[in-house]
Structure formats: structure tokens, C-alpha cells
Amino acid sequence: MKVFKISEVGEELKKVKGLAILRKEGGKIVVEGDEEKFEMRCDLKRALSALAAMGYEFAALLNLEGEIGVPLKEVKKVEEIPKLEDFETLESIVNKLKRKGEKCGAIGIFVGFVREINEGKRVLKLEYERFDELYFEKLREIEERIEKFDGVYGVKIYHKIGEVLPREDIVYVAVMSDHRKNLWNALIEAVESFKKELPVWKKEVYEDGEIWAHDRDLKKGD
């Protein structure tokens, strides 16, 4: 699903099919789309996940912001929408793989999420940054390499950026194959590859301070 900010609802935007317009009213999110209007009493991430499951392809945020795991940009022209990065859920990733899986009968999934306690300390949140100029190139390289495994017909890796709270998902790795016997090695390699190769940096924020994981790992190496 493409998610973006708007400052007003223009006539061109009203013509976009599969669009939900979200705005904040008090402690709830009001949604208008596909000739329906309803309220959602949850945070923005959960609202977007629910709308994606309902089949909405686009979500326009009217005077509403928040961390959603992908860059949130303001759109002034409808032509800008297709260029935006997708907001994905585990369900949307699986559905995309299944569309090209005529010969397949198995999907293996790895979900990485934020632990509440790390090394005896309570985690408040994690913050992720990435080097965009290299990130998408490396992502394609990994996915294409894993797709060369015998019996593998689709690979999708999705890593959130920005702020992620305890128990929230960070990353999804999904591998689709013809049979389960061809799945496991490919999935393991995909997980290890994204950890080693994607230019993503993590800051761990605790009750008593914060540290970049890279800096901590370097100190451990000493």
C-alpha cells in the first residue's frame, strides 16, 4: 500500500480508486474511502495494517503523521504516488508472492521483532536508519541471489526504518518454493544475508541511555 501525506483533498485525488483518506479527530482516526466512512480507535500503524487487509491500495493522511516504517512524504500531484515506497504487512507480502506461485506450495517466513529486555535492560525503542543510495541495490542483489536456489520462485525482504517499539515487527523475510524441502536453506541464507549486507543501522534506546549497535559491537570486538 502506498501511504502519503496531503494538505488537502483535491479533485484528482478523489478519482484514485482504492484510496482511503485518514484524519485525526480527538482520540480516533476517521477513514473515508470506497463510498464508506468509519472510525478506528487504534494507532496509525495498526490502522494502516487493517486498511491494507481490507484491500485498500492507497492511504492519504490529512494532517496526520506518525512512524510507519517507511518514509512518509507529502504528495502534491497524483503522478507522484506510484514512485512511493510501499508500506507492507506480513499478509501483503505473502499475497504478492502467491500471485506468481503457480508451481509453489510453500512459503517460509522469518519475523524479527523488538525484544522488551535486552542484556538485562528494558528497551524503550529501537531506531533504524539506512543508506538509501545503496540499500535498494543490495536488497535486489540478495533477493535475486536467493531466487537462484533450486525450487525457489520468490523472495521478499522488508525492513522498517524509523522508530520501532517493543513487540513491534522490524523485518519480514519470506521465501516461496515448490516444496518445503527446497525452502529451509534458502530462508536461512536470506536471513543471514540481510543481516550482513543491508546498509541499515540500529540505535538501541534504554531507560538509562542509548547506543548505536554498531558502536557496541565494535567495542565487543576489541
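Residues numbered from 1 in each chain as written. Predicted model: local features only at pLDDT ≥ 70, side-chain atom pairs only at ≥ 80, totals over all residues. Heavy atoms only, no water.

Colleague: What is the right way to read the sheet that holds strand β9 (residues 152-159) from this model?
Modeller: Two modes of strand pairing occur in sheets, parallel and antiparallel, and in both the strands are linked by backbone hydrogen bonds. Read from one edge to the other, the open sheet built from three strands follows the order β6-β11-β9, with strand pairing classed as antiparallel. The sheet terminates laterally at β6 (106-113) and β9, the two strands that pair on one side only. Ignoring strand direction, the axes of neighbouring strands in this sheet form an average angle of 10°. Taken together, the eight bridges between β6 and strand β11 (residues 169-177) define a ladder with antiparallel strand orientation. (Pairing = 2+ DSSP bridges. Helix = DSSP H or I, 4+ residues; strand = E, 2+ residues; numbered from the N terminus. Axes fitted to C-alpha atoms, helices over the stretch in contact; angles between N-to-C directions.)

Colleague: Please clarify how the side chain of S193 should be interpreted in this entry.
Modeller: With respect to the helices and strands, the residue S193 is situated in helix α5 (residues 184-197). The class for S193 is buried, based on a relative accessible area of 2%. In terms of polar contacts, S193 uses its side chain to reach the side chain of R145, at 3.1 Å. Reaching out from S193, the side chain makes a polar contact with the backbone oxygen of E189 at a distance of 2.7 Å. Ignoring sequence-local partners within four residues, the contact set of S193 consists of I142, R145 and L198. (Buried < 20%, exposed > 50% of the residue type's maximum accessible area, 1.4 Å probe, protein only. Polar contact = N/O pair within 3.5 Å; in protein donor to acceptor, adjacent residues only side chain to side chain. Contact = heavy atoms within 4.5 Å.)

Colleague: Just to check I follow, could you spell out helix α2 (residues 44-53) for this structure?
Modeller: Residues spaced three or four apart along an α-helix face the same direction, because each turn holds 3.6 residues. Inspection of α2 places L44, K45, A47, L48 and L51 among the buried residues, and these make up the whole buried set. All buried residues of α2 project into a common sector of 165° when viewed along the axis, lining one side. The inward-facing, buried residues of α2 abut β1 (2-6), β2 (19-25), β3 (28-33), β4 (36-40), β5 (58-62) and β10 (162-164). You can read the cap of α2 off the contacts: a side-chain oxygen lies 3.3 Å from the backbone nitrogen of K45, and it is on D43. Just downstream of α2, G55 is the residue with a positive phi angle, here 105°. (Arc of directions from axis to C-beta.)

Colleague: It is not clear to me how the pattern of salt bridges should be interpreted in this structure. Could you clarify?
Modeller: Note on pairing: side chains with opposite charge can pair once their charged atoms come close. By the definition in use, this model includes 25 salt bridges. Note that E88 and K156 form a salt bridge whose closest N and O atoms lie 4.0 Å from each other. Here the residue E88 occupies a position in the loop between β5 and α3 (90-98), and K156 occupies one in strand β9, the gap between them amounting to 68 residues. Residue E197 pairs with K138 through a salt bridge whose shortest N-O separation is 3.7 Å. Placement of E197 in helix α5 and of K138 in helix α4 (residues 132-146) is noted, with a sequence separation of 59 residues between them. Judged by its relative accessible area of 28%, E197 falls in the partly exposed class. (Salt bridge = Lys/Arg side-chain N within 4 Å of Asp/Glu carboxyl O.)

Colleague: Please explain the sheet that holds β2 as it appears in this structure.
Modeller: Strand order across the open sheet formed by five strands is β1-β5-β2-β3-β4, with mixed pairing between neighbours. A strand with exactly one partner marks an edge of an open sheet, and here the two such strands are β1 and β4. Here the average twist between neighbouring strands, direction ignored, is 25°. Alignment of β1 against β5, held across five bridges, turns out to be parallel. Within β5, the residue paired with K5 across the bridge is L61.

Colleague: Teacher, can you tell me more about the pairing of β1 here?
Modeller: In the case of a regular strand, side chains alternate between the two sheet surfaces. The buried fraction of β1 is high, at five of five residues. Of the two faces of β1, the one lined by K2, F4 and I6 and the one lined by V3 and K5 are each fully buried.

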